[in-house]
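Structural features, examined
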Amino acid sequence: MMPTDVVLAQAKEKTKRAIAVVGVTLLLVFGFAAALMRRIHRPIEQIAETSRAIAEGDLEARMPVTEQDEFATAAQQFNAMLDIRDHSTARITKLNRMYAALSRTNHAITHVSDRQRLLDEVCRIAVDSGQLALAWIGFVDARTRLIMPEAHAGAAAAYLQGLVISSDPDKSTGKGPTGRAIRDGAPVVCDDLLSEPMTSFWRRAAQATGLRASAAMPLIIEGETIGALNLYAYEPDYFGDPEMMELLEEIAEDLSFALDNQKRDAAHRESEVRFRQLAENIREVFWLSDPTRGEMLYVSPSYEHAWGRSAEELYASPRAWLDSVHPDDRERVSEAAMNKQVEG
C-alpha cells in the first residue's frame, strides 16, 4: 500500500494538470469568441451605418463588399434589396408624374378651344408634370411628307434646330421613331438614341442635347395618322414600362379626339358662314323649323321684304306667317305646310 503522502502528491499533480488544461481550453474558447465577435461586429456596424445613412436621406448608400465570404453574400443581398426598392420607388414616381400629366392634359382639352394654344399647353404639361426633357407635336405636310413641328416645350429644345424628319420610308430621315409611328399608326419607342440604328441620323443632335430615350405617339383622326406627339428623356430606357406607355397612348388618343372635334367645329362654322352668305343674297323666302317642337330655327332675310312682317315676330310665333294668308285658305295652307315639313 502506497504511503498517504505519495497518494496526495499524485492527486495534487493530476489536479494541477487538469486545471492547466481547463485554463488553456477556456483561453482558447474566449479567444475564439472574441475573434468571432470582432468578425460579426463590423458587418453589423456597417448595416447600422448604411441604414442610418438611408434614413437621413442618402438613398444611394450601400454596404461595402470587400471579401468573398458569408458576410459578403449577406451584404450583396442587402444591397440588392435596396436596389429593388429604389427601382420600384423610381417607377412609381414616374408613373405618378405621367398620371398627373394625363389629368392636366384632359383639363386643358376641356378648357382650351384654340388649336395652337392647346398644342402648346399639351407640350408644356408633358415637360412640367411628366418631368421630360422635351416634348413636341408635328404634323405631316401632305406635299413634302415632312413632319413639321407646330408646338414644343422643354430644356432640350435645341434638338429641334434644323431637325428634318420625314414619313417617307425610302429616305434616311423617315426611318426614325416619328416617321415609323406615323406610317404604322402605332407608338414607337427608342430606348437609347445613342445606340439604336433607327436614330443614327439624329445621333449627333441627341448627344449634343443629352437626350437618351424617346417615344413617338401617333395622332389619328378618322383613321388617318396626321402627326405625332414626340417625348424625350435624359435617361435611357425611360419609356420601357408598359404602364407608362398606356398612359402616353391615352394622352395621344385624348389629344387626337380634341383635334378631331376642333376640326369638326371649324367645318361646321365654315358651313354656317357659307349658308348665311347664300341665304342673305337670294330673293326667295325660305326658313328652317322643327315641327315636333314648333320652333323656328332660321328665316331668310327676304321674308321681311316679301311678307312685310318682322322675322323676329316669326321666331317668337312660328305660325305668325299664316296671318298673311286669306282666312278661307289658312287651314288648307297650314295642313299642306305641316305635311311638307313632316315628309321633308
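It should be noted that the structure appears before, not after, this text.
Residues numbered from 1 in each chain as written. Predicted model: local features only at pLDDT ≥ 70, side-chain atom pairs only at ≥ 80, totals over all residues. Heavy atoms only, no water.

**Examining the pattern of salt bridges**
Short version of the rule: A pair is scored as a salt bridge if a Lys or Arg side-chain nitrogen falls within 4 Å of a carboxyl oxygen belonging to Asp or Glu. Secondary structure elements follow DSSP: runs of H or I of four or more residues count as helices, runs of E of two or more count as strands, with numbering from the N terminus. The buried label applies to any residue whose accessible area, calculated with a 1.4 Å probe on protein chains only, is under 20% of its type's maximum; exposed applies above 50%, and partly exposed to all values in between.
If you walk through the whole model with that rule in mind, you get five salt bridges. With its nearest N and O atoms 3.1 Å apart, the salt bridge here joins Arg124 to Asp128. Taken together, the residues Arg124 and Asp128, both in helix α3 (residues 115–128) and four residues apart, mark about one turn of the helix. Residue class for Arg124 comes out partly exposed when judged on its relative accessible area of 31%. For Asp128, a relative accessible area of 39% translates into the label partly exposed. Ionic pairing is found between Asp192 and Arg212, a salt bridge with its closest N-O pair at 2.9 Å. One end of the pair, Asp192, is in the loop between β3 (188–190) and α5 (203–209); the other, Arg212, is in the loop between α5 and β4 (213–221), with 20 residues separating them in the sequence. Under the relative-accessibility criterion, Asp192 is labelled buried at 16%. The structure contains a network of salt bridges with shared partners spanning Glu121, Arg124 and Asp128.

**What about empty space enclosed by the protein?**
Empty space among the atoms becomes visible once a probe the size of a water molecule is rolled across them. We count it as follows: Grid points spaced at 1 Å over the protein atoms alone were grouped into cavities, where a 1.4 Å probe fits but cannot get out, and pockets, open sets with protein on both sides within 12 Å along at least five of seven lines, with lining residues defined by an atom within 4 Å of a point. Grid points are joined across faces, edges and corners, and a volume is the space filled by probe spheres set on the points. Residue classes follow a fixed rule: Ala, Val, Leu, Ile, Met, Phe, Trp, Tyr, Cys and Pro count as nonpolar, while Asp, Glu, Lys and Arg count as charged, and any other residue, Gly among them, counts as polar.
Per the stated rule, a full pass over the model turns up two cavities of 30 Å³ or more. There is about 120 Å³ of room inside the largest cavity. For the largest cavity, the lining is made up of 16 residues, of which Tyr159, Ile165, Pro177, Thr178 and Tyr232 are closest to its centre. Going through the elements one at a time, α4 (177–184), β4 and β5 (224–233) are the ones with two or more residues in the lining of the largest cavity. Residues belonging to the lining of the largest cavity are distributed by class as follows: nine nonpolar, seven polar and no charged. The computed volume of the second largest cavity comes to approximately 40 Å³. If you trace the second largest cavity, you find it lined by Met98, Ala101, Thr105, Val122, Ala126, Leu229, Leu231, Leu248 and Ile251. Breaking the lining of the second largest cavity down by element, the ones donating at least two residues are α2 (70–111), α3, β5 and α6 (242–279). With three residues, the top contributor of residues to the lining of the second largest cavity is α2. Class assignment of the residues belonging to the lining of the second largest cavity gives a composition of eight nonpolar, one polar and no charged.

These figures come from the coordinates and say nothing about function on their own.
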